[in-house]
Amino acid sequence: MTTSDTNESNTAAARAGEVDADVRAELTRLRDSIDNIDAAVVHMLAERFKCTQRVGHLKAAHHLPAADPGREAQQINRLRGLAESAKLDPAFAEKLLNFIIAEVIRHHERIADDALNGTTNTSGTTNTTGTTGPTGTAPDVGE
């Protein structure tokens, strides 16, 4: 039997629900690990967002710009190095960080605008217009 025939036979068996119990158990174990890692990533990002929220408030209070290109470049280089040592594609890591940085800058700009206008802050407290802070938005992570 050729490799192609074996692959077709395995695919047909999987479609027919004839996957070996050991394979199913291993898939379940791996998927459970993936689910746990995903949960940890979300919680780690939430903690990071909390820190960058505070950075945004500090920047706004001292009239500092939302973006810091020098810091961003440092972080990208640092993350690329970490990715390489972890055997993760550095280009992927850079894309992820660039996405995060863009979101942080957006949030820092919103925090600065809110500080200038006396409107909603990102902690969700009531402002002078009687509305509360944002819901369902991710906190900042670029710093």
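Here the structure is a predicted model, which is why all the values come from computation and not from measurement.

S.K.: What am I meant to see in the packing of helix α2 (residues 21-61) against helix α4 (residues 90-117) here?
M.R.: Between two packed helices, the angle of one axis relative to the other and the distance separating the axes together describe the packing. Packing of α2 against α4 leaves a shortest axis separation of 9 Å and a crossing angle of 40 degrees. The orientation of α2 relative to α4 falls into the category oblique. Once α2 is placed against α4, the crossing between them reads as right-handed. In this structure, α2 uses L45, R48, T52, Q53, V55, G56, H57, K59 and A60 to contact α4, whose residues at the interface are L97, I100, V104, H107, H108, R110, I111, A112 and A115. Looking at the contact of α2 with α4 residue by residue, the class counts come to nine nonpolar, six polar and three charged.

S.K.: Can you walk me through the pattern of salt bridges in this structure?
M.R.: Side chains bearing opposite charge may pair, as long as their charged atoms lie close to each other. One pass over the full model with this rule turns up four salt bridges. Its salt-bridge partner being K50, residue E47 comes within 3.1 Å of it at the nearest N-O pair. You can see E47 and its partner K50 sitting in helix α2, three residues apart, about one turn around the helix. A salt bridge links E94 to R80; the nearest nitrogen and oxygen atoms lie 2.6 Å apart. With a gap of 14 residues between them, E94 in helix α4 and R80 in helix α3 (residues 69-85) connect regions that are remote in the sequence.

S.K.: Would you explain α2 in this entry?
M.R.: Every α-helical turn comprises 3.6 residues, leaving residues that sit three or four positions apart pointing alike. The end-to-end C-alpha distance of α2, which contains 41 residues, comes to 60 Å, matching closely the 60 Å that a straight helix rising 1.5 Å per residue would cover. Taken residue by residue, α2 has F49, T52, Q53, G56, K59 and A60 as its buried positions. Buried residues along α2 sit in contact with α4. A positive backbone phi angle near 55 degrees is found at H63, which sits one or two residues after α2.

S.K.: So what exactly am I meant to see when it comes to the packing of α3 against α4 here?
M.R.: The contact between α3 and α4 brings their axes to 9 Å, and the two run at 145 degrees. Crossing angle aside, the handedness with which α3 passes α4 is right-handed. Each of E72, Q75, I76, L79, R80, A83 and E84 in α3 lies in contact with α4, whose residues at this interface are P90, A91, A93, E94, L97, N98, I101 and I105. A breakdown of the residues in the contact of α3 with α4 according to their chemical character gives nine nonpolar, two polar and four charged.

S.K.: Sorry, what's going on with unusual backbone geometry here?
M.R.: Peptide bonds are, in most cases, trans, and in most cases residues other than glycine have a negative phi. One non-glycine residue, H63, lies in the positive phi region at around 55 degrees. Structurally, H63 is set in the loop between α2 and α3. Under the relative-accessibility criterion, H63 is labelled exposed at 67%. One non-glycine residue, K87, lies in the positive phi region at around 65 degrees.

Calculation rules
- Residues numbered from 1 in each chain as written.
- Predicted model: local features only at pLDDT ≥ 70, side-chain atom pairs only at ≥ 80, totals over all residues.
- Heavy atoms only, no water.
- Axes fitted to C-alpha atoms, helices over the stretch in contact; angles between N-to-C directions.
- Helix = DSSP H or I, 4+ residues; strand = E, 2+ residues; numbered from the N terminus.
- Parallel < 35°, antiparallel > 145°, perpendicular 65-115°, else oblique.
- Left-handed = near helix turned anticlockwise from the far one by under 90°.
- Contact = heavy atoms within 4.5 Å.
- Nonpolar A, V, L, I, M, F, W, Y, C, P; charged D, E, K, R; others polar.
- Salt bridge = Lys/Arg side-chain N within 4 Å of Asp/Glu carboxyl O.
- Expected span 1.5 Å × (residues − 1).
- Buried < 20%, exposed > 50% of the residue type's maximum accessible area, 1.4 Å probe, protein only.

Geometric descriptors of this kind do not, in isolation, establish any biological role.
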